[in-house]
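Topology and contacts: notes
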Amino acid sequence: MVRLIMGVKGSGKTKQLIELINNAAKDEPGNVVCIEANRTMTYDIHYHIRLIDAQESSHYDMNSFDFLKGFISGLYAGNYDISQVFIDNLCKTIGREVDKDTENFLNWLDAFGEKNNIKFTVTISADLSLATDGMQKFL
């Protein structure tokens, strides 16, 4: 399952995401992971959440959807107890604009989540009008 939160900068996406993350920390039976574009939520989310700074250049070089697919697959391979993954500011994280590849990635996340019983929540900082028809089902 994929939930997409999309809106322009300043529309409250991060505040909404932080609330969802903290609720998941209390309610989820499994482990919860948050991948963010930079460490801005460190002090806002519950300490049980595994927070990953995607732009930490010494560790990760997330610059494509293919890399992110492999990264998420690797996270799950290392911890089958992951039940929910949050990805903040997806397009900024990998340095892309919203396009058909974004839709394809969200479809991959949906299939991966269904297969492995993981819920995904993704934010994208862009105007809702940029969402493709295929992305609309996740909003």
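In what follows, the accompanying structure is described.

As for the packing of aromatic side chains
One pass over the structure, following the stated rule, counts 7 aromatic pairs. Ring geometry for tryptophan 108 versus phenylalanine 112: centroids 4.9 Å apart, planes at 20°, classification stacked. With tryptophan 108 and phenylalanine 112 both in helix H4 (residues 100–116) and 4 residues apart, this pair spans about one turn of that helix. Note on phenylalanine 112 and phenylalanine 120: the rings are 6.4 Å apart at their centroids and 55° apart in plane angle, and the pair reads as tilted. Pair check on accessibility: phenylalanine 112 and phenylalanine 120 agree, each one buried.

A closer look at the environment of leucine 109
For leucine 109, the location among the structural elements is in helix H4. Along the primary structure leucine 109 and aspartate 66 are separated by 43 residues, whereas in three dimensions their C-alpha atoms are 12 Å apart.

A short note on helix H1 (residues 13–27)
Because an α-helix completes one turn every 3.6 residues, residues spaced three or four positions apart along the sequence face the same direction. With 15 residues, H1 extends 21 Å from end C-alpha to end C-alpha; this agrees with the ideal 21 Å at 1.5 Å per step. Restricting attention to buried positions, one finds in H1 the residues Lys13, Leu17, Ile18, Ile21 and Ala24. Burial along H1 is one-sided: seen end-on, the buried residues are contained in an arc of 130°. Of the residues in H1, the exposed ones pointing more than 90 degrees away from the buried face are Lys15, Glu19, Lys26 and Asp27. Looking at the packing, one finds that the buried side of H1 touches strand S1 (2–7), strand S2 (31–36), strand S4 (82–87) and strand S5 (119–125).

Description of the pattern of salt bridges
Following the criterion strictly, the structure yields 5 salt bridges and no others. A salt bridge links aspartate 66 to lysine 69; the nearest nitrogen and oxygen atoms lie 4.0 Å apart. Taken together, the residues aspartate 66 and lysine 69, both in helix H2 (residues 65–78) and 3 residues apart, mark about one turn of the helix. Judged by relative accessible area, which is 24%, lysine 69 ranks as partly exposed.

Overview of the packing of H2 against H4
Contact pair H2 / H4: the axes reach a minimum separation of 11 Å and the direction vectors enclose 15°. In this view, H2 runs roughly parallel relative to H4, as classed from their interaxial angle. Where H2 crosses over H4, the two elements pack in a sense that is right-handed. Contact with H2, carried on its side by Phe65, Leu68, Lys69, Ile72, Ser73 and Tyr76, involves Asp101, Thr102, Phe105, Trp108, Leu109, Phe112 and Asn116 of H4 and no other residues of that element.

Considerations on the nonpolar core
By size, the foremost hydrophobic cluster in this structure holds 32 residues, and its most contacted members are Ile35, Ile72, Ile87, Leu90, Leu106, Leu109 and Ile124. Looking at this core, the elements with two or more residues in it are S1, S2, H2, S4, helix H3 (90–94), H4 and S5. Here this core takes 5 residues from H2, the largest share from any one element. When near neighbours in sequence (up to four residues on either side) are disregarded, leucine 106 contacts Val2, Leu4, Leu90, Val122, Met135 and Phe138. Ranked by size, the runner-up nonpolar core spans 11 residues in total, among them Ile18, Ala24, Val32 and Met41.

What to know about the layout of surface pockets
For the largest pocket, the calculated volume is near 270 Å³. Lining of the largest pocket is provided by 14 residues; of these, Lys9, Thr14, Asp88, Asn89 and Ser125 occupy positions nearest its centre. Every element with two or more residues in the lining of the largest pocket is listed here: H1 and S5. Considering only residue class, the lining of the largest pocket consists of 2 nonpolar, 8 polar and 4 charged.

Conventions adopted
Residues numbered from 1 in each chain as written. Predicted model: local features only at pLDDT ≥ 70, side-chain atom pairs only at ≥ 80, totals over all residues. Heavy atoms only, no water. Phe/Tyr/Trp six-rings, centres within 6.5 Å; stacked < 30°, edge-to-face > 60°. Helix = DSSP H or I, 4+ residues; strand = E, 2+ residues; numbered from the N terminus. Buried < 20%, exposed > 50% of the residue type's maximum accessible area, 1.4 Å probe, protein only. Expected span 1.5 Å × (residues − 1). Arc of directions from axis to C-beta. Contact = heavy atoms within 4.5 Å. Salt bridge = Lys/Arg side-chain N within 4 Å of Asp/Glu carboxyl O. Axes fitted to C-alpha atoms, helices over the stretch in contact; angles between N-to-C directions. Parallel < 35°, antiparallel > 145°, perpendicular 65-115°, else oblique. Left-handed = near helix turned anticlockwise from the far one by under 90°. Core = buried A, V, L, I, M, F, W, Y, C linked by side-chain atoms within 4.5 Å. 1 Å grid on protein atoms, 1.4 Å probe; cavity = no way out; pocket = protein on both sides within 12 Å on 5 of 7 lines; lining within 4 Å. Points joined across faces, edges and corners; volume = space filled by probe spheres on them. Nonpolar A, V, L, I, M, F, W, Y, C, P; charged D, E, K, R; others polar.

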